[in-house]
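Descriptive structure summary
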Amino acid sequence: MEGRMKARASDAEQVAVPRKRGRPKTVSDDARRAEIIAEARATFHELGYGGTTTDLVAARCKISKQTLYRLFSSKIELFMALMAEHRASMLALPRDAKENLPLTEALEQIFMIDIDEAAERDREAFIHFVMSEAQRFPEIAALLRTQGAEQTRQMLADWLDLQQQRGLIEIADAGSGARMLMNMIFGAMITLPGKTNDWPDRETRLRHLRQCIAIFVAGVQPRRCN
């Protein structure tokens, strides 16, 4: 009996001892930034650029306004982060400088011509959203030009210029070549607002995109001197 009573007392003491509280888990700035961008994207799509505020995004992320402003100083900076994320879904650049893929394969990877349907719909929905907002807000139109098309084209031109330096292609104007490629590929890949998708199926469009790349690659092959 006495033994059982001591055992119960010992159990009670163990239950009574409060558990030490550990430090609350901290979230890295990169993880927090990704969380904010994801929530901002959903909010922008739901309420538009005009209806979205940084205070609202902070509230939806369950963080303080100070935390948000430490990572994004303004709504336009937050939108710029969305543009940068979108650009990464359009063009897989920059590349590893030591990459040694055949030019055709490298371009297929850069333009991500065979992404899955869900990613494709997401990419196109963002393009339609930004183009619609650009008609209403001059600051978005400026971002679309400088952070979108111009920066994307420059990144591609820099990559083409590097291939020329390596002796893999011959091209008189890398900027013009980048514009040509983007017009061919994005023109077939993206259905703009108000336009109908006239491709019979995704496989037909994929064959067309590969043919565009093959024609470009054939045109920039270095000329061999006899």
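Now for a quick tour of the structure. (Residues numbered from 1 in each chain as written. Predicted model: local features only at pLDDT ≥ 70, side-chain atom pairs only at ≥ 80, totals over all residues. Heavy atoms only, no water.)

**Overview of the packing of helix 2 (residues 29-51) against helix 7 (residues 117-134)**
With their axes 10 Å apart at the nearest point, helix 2 and helix 7 run at an angle of 20 degrees to one another. Looking at the two axes, helix 2 sits roughly parallel to helix 7. When the axes of helix 2 and helix 7 are compared, the crossing they make is left-handed. Seen from helix 2, the contacting residues are R41, F44, H45, G48, Y49 and G50; seen from helix 7, they are D122, A125, F126, F129 and E133. Taken together, the residues of the contact of helix 2 with helix 7 sort by class into five nonpolar, three polar and three charged. (Axes fitted to C-alpha atoms, helices over the stretch in contact; angles between N-to-C directions. Helix = DSSP H or I, 4+ residues; strand = E, 2+ residues; numbered from the N terminus. Parallel < 35°, antiparallel > 145°, perpendicular 65-115°, else oblique. Left-handed = near helix turned anticlockwise from the far one by under 90°. Contact = heavy atoms within 4.5 Å. Nonpolar A, V, L, I, M, F, W, Y, C, P; charged D, E, K, R; others polar.)

**Let's talk about the environment of D116**
Checked against the element boundaries, D116 lands in the loop between helix 6 (103-111) and helix 7. Of the polar contacts made by the side chain of D116, one reaches the backbone nitrogen of A118; its length is 3.1 Å. A polar contact is formed between the side chain of D116 and the backbone nitrogen of A119, at a distance of 2.8 Å. (Polar contact = N/O pair within 3.5 Å; in protein donor to acceptor, adjacent residues only side chain to side chain.)

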